[in-house]
Amino acid sequence: MTDAGGPAGFSRRQIMATGTLATASVLAGGYAYLAGSPARHPRAGAVSAGGARLRLTTAPDLSTALARSGLPPFTPVTAAPGDVTVSPRRVFQPFLGVGAALTDAAAYVLTRYMTAERRRALLEELFSASGRNWQMLRVCMGSADFRSERTGYTYADGAADPSLSGFSVARDTALITPGIKEILAINPHVRVLATPWTPPEWMLAGGTFESSDCTFNGRYKAPYAQYFVRFIEAYRSLGIPVWAVTAQNEAVGGTFTALTPAQESDFIGAHLGPALASAGLGDVKIFAMDDQWSKAGYGRAVYANSAARPHAAGIAYHGYAGSPAVMSQAAGEQHLTEWRSLVSESRAVTMAGMAGGYIAGGVSNWARSVILWNLALDQNGEPNVGKPGRRGVVTVNNTTGAVTRNPEYYALAHLSMFARPGARRCLSPSYGPAYLAYKTYPSDITTTALANPDGSVVLYVYNGAAHARTFRTIDDRRHTGFTATMAPGELSTFVW
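How each quantity is defined
- Residues numbered from 1 in each chain as written.
- Predicted model: local features only at pLDDT ≥ 70, side-chain atom pairs only at ≥ 80, totals over all residues.
- Heavy atoms only, no water.
- Helix = DSSP H or I, 4+ residues; strand = E, 2+ residues; numbered from the N terminus.
- Buried < 20%, exposed > 50% of the residue type's maximum accessible area, 1.4 Å probe, protein only.
- Contact = heavy atoms within 4.5 Å.
- Areas by Shrake-Rupley, 256 points an atom, 1.4 Å probe, with all protein chains shown as cover.
- pLDDT = per-residue confidence, 0-100.
- Pairing = 2+ DSSP bridges.
- Axes fitted to C-alpha atoms, helices over the stretch in contact; angles between N-to-C directions.
- Core = buried A, V, L, I, M, F, W, Y, C linked by side-chain atoms within 4.5 Å.
- Right-handed = clockwise from strand over helix to strand, strands pointing away.
- Polar contact = N/O pair within 3.5 Å; in protein donor to acceptor, adjacent residues only side chain to side chain.

A. Up close: the overall build of the chain. Regarding its fold elements, the chain presents ten helices and 27 strands. Counting the 496 residues in the chain, one finds 61% classified as buried. Within the chain, residue pairs in contact and separated by at least 24 positions form 74% of the contacts whose partners lie at least 6 positions apart. Roughly 16,900 Å² of accessible area belongs to the chain as shown, and the carbon and sulfur atoms make up 54% of that amount.

Right under this line is the structure:
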């Protein structure tokens, strides 16, 4: 494999995304480049990661999925242009894990279309350490557009009630909170991220509940902050700790409710952050924006705001527009919180965007976690309200309860299965132009890599070229490596 203009071991794109910005990350609240990590570094190629030393392979048409094979022996090698040189001692942000959203729709599908035994088996497969090792879960504060009921709800519907005397999460307890608790029983370390789609209608200045481009009535910022406090406290009383919140889903575009950068900054800085701290909930993180890569300027403006900055931990991004390269400025913690594929896409296109773009591109540009949209939908992409043609991470047949694992499932599994607590992204190269959602797909070898605390390496590689690629994978701790060939559209994880 060759790379025009790329220095040996890593490309100009990868240097821009990682190496040259490592020091700057200290100023931005990120994790700095560490030369000589204190983690133990066994001889390259030694048995590690719980004894794993293997290659995991999935074909774009899923004819081969999570197929395991051994790695060739590591031999001494001198790096050359086009090689995939991994630097496990050059580490960056911690990697927290992957997951998806347990929307009302997903909870409905899991509960109504599956037996308890089948559901438990699927959740064990997804969230257990011996399964796909998911560590993240996004939940909606009230209704989203993927739900089982035509009419949505918040936790304080009805007449204006600034004291929130009627606040209640009771409707969540039918499907959603039992599902979360079942997941936490399998993996109590799962981090729960909560996001509202809309405040109660009486808090709106314009528009009607869950119509696009609603606007917020600023006089209710204090009650709305208490709305978050009540939600977190109610969930904790049910045994569900909330790890983080965002102020509003897709606030920039206003689906459902729009906030200006000034509004979100003031809400976080003068109301939400102080309210959480006063309630003893200061450990709950707040992430700004929760919208597209293409709207990154909004997130950076909120994060840098003098009022919001003491309370905002970082920025949450969606992958529907723009490029993950915008996250390379590392404004605090960066998290990928939403993306879904369309049923009209081919499996190959989904894998290209999901594996090569959203995941590899995202993590290599400072994402600490990777979350997709609906955990599960039925074979018709339902239930939903006005959002046809979407696909869940898994599909559950609404008659038989049979589970289909979609490309998204495999794209996540390839990164999560061998990531250990304390894993950090380490330097690895990518070639070709940067991913731009739905416009520029990976056209060459795209990678991201994790260094586990025990010194083992997880190298995630997507071949976006239209033909097979042969390249050398090198561990620069001992300057040893092996040769690998990947078919077009193939996703492989190399673990040693």
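B. Representation of the confidence of the model for the chain in the model. Counting all residues, the mean pLDDT for the chain is 90, and 90% of those residues have values of 70 or more. Mean pLDDT across the elements of the chain ranges from a minimum in helix α2 (residues 24-27), with 28, to a maximum in strand β11 (residues 244-246), with 99. The model gives residues 1-48 a pLDDT under 50, and that stretch makes 118 contacts with residues more than four places away or in other chains.

C. Highlighting the sheet that holds strand β17 (residues 367-374). As summarised here, the arrangement of the eight strands in space is β6-β7-β8-β11-β13-β14-β15-β17, forming a closed barrel in which the pairing is parallel. If you compare each strand with its neighbour and ignore which way they point, the axes differ by 30° on average. Where strand β6 (residues 97-101) and strand β7 (residues 136-141) come together, three bridges link them in parallel fashion. Looking across to β7, one finds that G99 is bridged to M136. In the packing of helix α7 (residues 261-278) onto the sheet, contacts are made with β11, β13 (285-292) and β14 (312-318), and the angle to β13 comes to roughly 150°.

D. Highlighting helix α10 (residues 407-416). Of all ten residues making up α10, ten are buried, and the element is well covered by its neighbours. Of all the positions in α10, only P407, E408, Y409, Y410, A411, L412, A413, H414, L415 and S416 are classed as buried.

E. Local environment of the sheet that holds strand β18 (residues 376-377). On the basis of which strands lie adjacent, the open sheet formed by three strands has the order β18-β20-β21 and mixed pairing. The two strands at the open ends of the sheet, each matched to only one other strand, are β18 and β21 (403-405). The sheet contact formed by β18 and strand β20 (residues 394-396) spans two bridges and is parallel. Paired with A376 across the two strands is V394, which belongs to β20.

F. Looking closely at the nonpolar core. Judged by nonpolar contacts, the single largest core of 123 residues is most densely connected at F127, I180, F231 and L375. No other element matches helix α6 (residues 221-237), which puts nine residues into this core. In this structure, F74, Y431, M486 and F494 belong to the second largest nonpolar core, which totals 19 residues.

G. Highlighting helix α5 (residues 176-186). Most of α5 is tucked away, with eight of its eleven residues classed as buried. For α5, the complete set of buried residues consists of I176, T177, G179, I180, E182, I183, L184 and I186. For α5, the secondary structure elements touched by its buried residues are α3 (104-112), α4 (116-127), β7, β8 (191-196) and α6.

H. Region of interest: the pairing of β8. Where burial is concerned, most of β8 is hidden: five out of the six residues are buried. In this structure, β7 lies alongside β8, joined through six bridges in parallel fashion. Among the inter-strand pairings, L137 is bridged to a residue of β8, identified as V192. On the question of chirality, the crossover connecting β7 to the parallel β8 by way of α5 is right-handed. Two strands pair when backbone bridges link them, and β8 and β11 are joined in this way by two bridges, in the parallel orientation.

I. Spotlight on the environment of S428. For S428, the location among the structural elements is in the loop between β22 (424-427) and β23 (445-451). As a C-alpha pair, S428 and D475 span 47 residues in sequence and 9.9 Å in three-dimensional space. Side-chain polar atoms of S428 contact the side chain of T447, separated by 2.8 Å.

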